[in-house]
Amino acid sequence: MSNTEGFVLQAAPHAHGRASVPRIMHAVNISLLPVIVISVLYYGLHVLGLYAIGIATCLATEALVKVARGRSWRSILDGSAVVTALLFVMVLPPSISPLLVVIGSAAAIFFGKEVFGGIGHNVFNPALVGRAFIAAAYPVQITTWTAAREVFGFLPPPRTLSVVEAATGATPLAAARFEGTTEPLIRLFFGQTAGSIGATSVLFILIGGLALTAMGIVRWRMVVSFLGTVFVGTGIFWLIDPGTYANPVFHLLAGGVMFAAFYMITDMVTTPYTNTGTVIFGAGAGLLTVIIRLFGGFPEGVMYAILLMNAATPIINRMNNRVFGAEAAS
Amino acid sequence: MLTFSRRGGVHPAYHKELASGLPIEPCPLPKRLEIPLSQHLGVPAAPLVSRGDEVSPGDVIAEAPKLISAHVHTPAAGKVRSVVQKPLPGGRMCDYVQIDVDEERTAAHEWSAREVDLAQVDPQWLARTSREAGIVGMGGATFPTDVKLSPPPTAKLDVFILNGAECEPYLTCDHRMMVEHAREILQGIELVHAAFGFSRVIVGIEENKPEALEAFRREAKSFAGMPLEIAALETRYPQGAEKVLIESTTKRVVPAGKLPFEVGVVAANVQTMYALQQAAYLGKPLGERVVTVSGAGIATPKNLRVPVGTPIAELAEHCGGFSEQTTKIVMGGPMTGIALPSLDYSITKGAGGLLFLTQHDYPDESPCIKCGSCVDVCPMRLMPLKLAAFAKAGKFEEAKATNLADCFECGCCAWACPANIKIVSWIKYAKNYIRVKGI
Ligand code: SF4
Ligand code: SF4
């Protein structure tokens, strides 16, 4: 029999589930591997360098801020800075310059996360803060697109490009909005098109995204309400005037909607935590996306839709669930 | 029949295999009993004995001074050594009666079997029998059973539920009781049924205990007079929490802040019903209970029938001692039990488990990532992350307004929290603060 002193006196529960913040973050990072691989195949090896630069910058920025605040830098190992870096790079155009990746990654971590006090305290999705920062400071660079390489030869050829398009490399969304031409849907599904580095390859997003959903890390209610709202919203206008508005399936597959559904609106810190709240958030982000896409100044509206809903999240989170037995008590 | 289910709850690692197959063994009588006089919810019992008094098994050594309290009996014969003040698990000070056990006299004592005329059993008889035998809820809540069985005259009780869920990990004492003593437990229930005339008598057992379900199905045949239903419940913590169990088995929802009798239900634990049977048919007051000694830190896990007041060091020794790797000793189950600083404590009426845990890393809290897991798993549908945050910030009014009082401290939220936030500790802190400062 050993000594009878020095036992841990921590209060119940004396058991803990397997969930941990690093586990969640690492799972998200691993789930992004299919997208990473396909983005390299589509746009070239330099994309791998962009990821590396993004990750290094995010980690360094977070470590610097921690040390400057007199805290341990070790918390950067929780995987959350890597998530931010990957998501940020994935929503950039493939031709982005490495310098902008550095600037944007630093902005994502600093303005998106650390000024609020670090993980758990931020209001806006850090990767989107970085994206918005670059969009505001370097509007030309961030809207210059290159077409993906023909990796999957069995896909039908892309739509014919207009002269203007061929020069600027417009995305399918921009083409649909401003030229009235739609890319074959199957190409969109594979992401073999002009678009951001990782956010357009629907099939590969789904592989990781559905895995995260099965693990409970992605809240399916939010995904369903977001995609459902985009589908119904764009569907209504398409039914009214199919000549002007692209069909709802196109809207689900083109641009960043799928990526947002599984990787942006599902950022836990900046989105609601009750089931009702997640449904409201998804529907709100979907509605704003539809409005911006169909009537706004930009062809793509997902990013601003999410940032706006991030701002509304603290209000949504004020709602409390009805206590078990509350109905019976009243 | 598979009954359930509502949202909330978790699936912790159960570790029941350590002891679920082990028949109940008697724990040897210790040389000295140290019997706390507060083993129940409510006012501590007042000692009736003092140094030098000779006592016999079943003697009342402390009396319940008020309604919500319970008598304390000695399970063994012997001589009172003294009445001392010692902490209870959790830290509150309490009188303990120390008895130097007389083994021979204890062994010679016999309980006399008696007949019970079921036709004569009424609620008053039940309450009296429970009170005289010092019976309390043995599932852990230790609410005096006589009070529970005396609902206000306006209440119409029509459903009885035997709480055989035993949803806490590690614990197998109720399981073994159900396997080995289904008949006696049903006799206990029969007494309650005789007094109240229920229209449904439900035996609720989690489906991970098929032998217990089988034992009850077998014995049920001898109790044709009762409207018995044997219900296999989904294995999910906290299935055995009274309000959860009532909803799982009857679909009735106990109003927030109210007691089960409001919806016509009375639920009782397995060992409570056994104690009632023993009191009625043998005149034997509640002086022992079955305790599961388990965990990776103990040499040989066991289910022991332990006299109340037995020092836990005796149990540890009888189970082969605990290893150097033991970091934590827990009285009760791992989800709600109390960590002990030493072995200087005794088994009480509500102690279903004594666990020797070897967990080594106790990670610090990190910031809440608003993942909502705690909200999802709360069986009361509370907002645990808000309660913890309000408590941390000293915003006790806000915590109260966010239904703090409805939390029954099941531990699901803290179990599920990826940020390791000690949500239940914060909740307890807020509750204590509010109680003491009278907010
Ligand atoms: S808040 Fe209370 S009732 Fe809800 S899960 Fe946590 S401990 Fe259980
Ligand atoms: S489970 Fe923990 S991290 Fe998640 S919302 Fe609740 S308190 Fe926050």
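Shown above is the structure to which this text applies.
Reading the values: the criteria
- Residues numbered from 1 in each chain as written.
- Chains lettered and ligands numbered in written order.
- Predicted model: local features only at pLDDT ≥ 70, side-chain atom pairs only at ≥ 80, totals over all residues.
- Heavy atoms only, no water.
- Helix = DSSP H or I, 4+ residues; strand = E, 2+ residues; numbered from the N terminus.
- Rg over C-alpha atoms; globule rule 2.2 N^0.38 Å.
- Buried < 20%, exposed > 50% of the residue type's maximum accessible area, 1.4 Å probe, protein only.
- Areas by Shrake-Rupley, 256 points an atom, 1.4 Å probe, with all protein chains shown as cover.
- Contact = heavy atoms within 4.5 Å.
- Buried area = accessible area lost by both parts, 1.4 Å probe.
- Salt bridge = Lys/Arg side-chain N within 4 Å of Asp/Glu carboxyl O.
- Polar contact = N/O pair within 3.5 Å; in protein donor to acceptor, adjacent residues only side chain to side chain.
- Nonpolar A, V, L, I, M, F, W, Y, C, P; charged D, E, K, R; others polar.
- Axes fitted to C-alpha atoms, helices over the stretch in contact; angles between N-to-C directions.
- Parallel < 35°, antiparallel > 145°, perpendicular 65-115°, else oblique.
- Left-handed = near helix turned anticlockwise from the far one by under 90°.

Peer 1: So what exactly am I meant to see when it comes to the overall build of chain A here?
Peer 2: Along chain A, the regular secondary structure elements total 16 helices and 0 strands. In summary, chain A has a C-alpha radius of gyration of 21 Å against a globular reference of 20 Å for 330 residues, a match within 12%. Judged by the C-alpha coordinates and their principal axes, chain A covers about 80 × 55 × 35 Å. Each of the 330 residues in chain A was classed as buried or not, and the buried ones make up 55%. Counting only carbon and sulfur atoms, one obtains 71% of the accessible surface of chain A, whose full area is about 13,500 Å².

Peer 1: Looking at this model, I keep getting lost on the interface of chain A and chain B. Mind explaining?
Peer 2: Interface size is commonly expressed as the accessible area that is lost once the parts come together. Each partner contributes to the interface: chain A provides 41 residues, whereas chain B provides 64 residues. Summed over both sides, the interface between chain A and chain B buries roughly 4,300 Å², with carbon and sulfur atoms accounting for 62% of that surface. Three residues, His-14, Tyr-273 and Phe-324 of chain A, lead the burial of chain A against chain B; their summed loss comes to 21% of the area buried on that side. Across the contact surface, chain A and chain B share 1 salt bridge. Between Arg-219 of chain A and Asp-376 of chain B there is a salt bridge; the shortest N-O distance is 3.1 Å. At the junction of chain A with chain B, the criterion picks out 20 residue pairs in polar contact (both at pLDDT 80 or more). If you list the elements that add at least two residues to the side of chain A that touches chain B, you get α1 (21–31) and α16 (326–329) of chain A. Class assignment for the residues of the side of chain A that touches chain B results in 21 nonpolar, 16 polar and 4 charged.

Peer 1: I'm lost on the packing of helix α4 (residues 173–196) of chain B against helix α5 (residues 210–220) of chain B in this one. Help?
Peer 2: Helix packing geometry: the angle between the two helix axes and the distance between the axes. Residues and elements named next belong to chain B. For the pair α4 and α5, interaxial distance at closest approach is 8 Å and the crossing angle is 15 degrees. Here α4 lies roughly parallel to α5, going by the angle between them. The two elements α4 and α5 meet at a crossing, and its hand is right-handed. For the pair formed by α4 and α5, the contact residues are His-175, Met-178, Val-179, Ala-182, Arg-183, Ile-185 and Leu-186 on the first element and Glu-211, Ala-212, Ala-215, Phe-216, Glu-219 and Ala-220 on the second. Looking at the contact of α4 with α5 residue by residue, the class counts come to 9 nonpolar, 1 polar and 3 charged.

Peer 1: Would you take a moment to explain the pattern of salt bridges for this structure?
Peer 2: As a working rule, side chains carrying opposite charge can pair if their charged atoms are close by. Residues and elements named next belong to chain B. Per the stated rule, a full pass over the model turns up 25 salt bridges over all chains. The partner of Glu-229 in a salt bridge is Arg-200, with the nearest N and O atoms 2.7 Å apart. Note that Glu-229 is positioned in strand β12 (residues 228–233) and Arg-200 in strand β11 (residues 200–206), a separation of 29 residues in sequence. Assessed through its relative accessible area of 22%, Glu-229 is described here as partly exposed. Assessed through its relative accessible area of 27%, Arg-200 is described here as partly exposed. Arg-236 serves as the salt-bridge partner of Glu-234, at 3.2 Å between the closest nitrogen and oxygen. For the pair Glu-234 and Arg-236, one class covers both residues: buried. Among the charged side chains, a salt-bridge network with shared partners connects Arg-32, Arg-81 and Asp-100.

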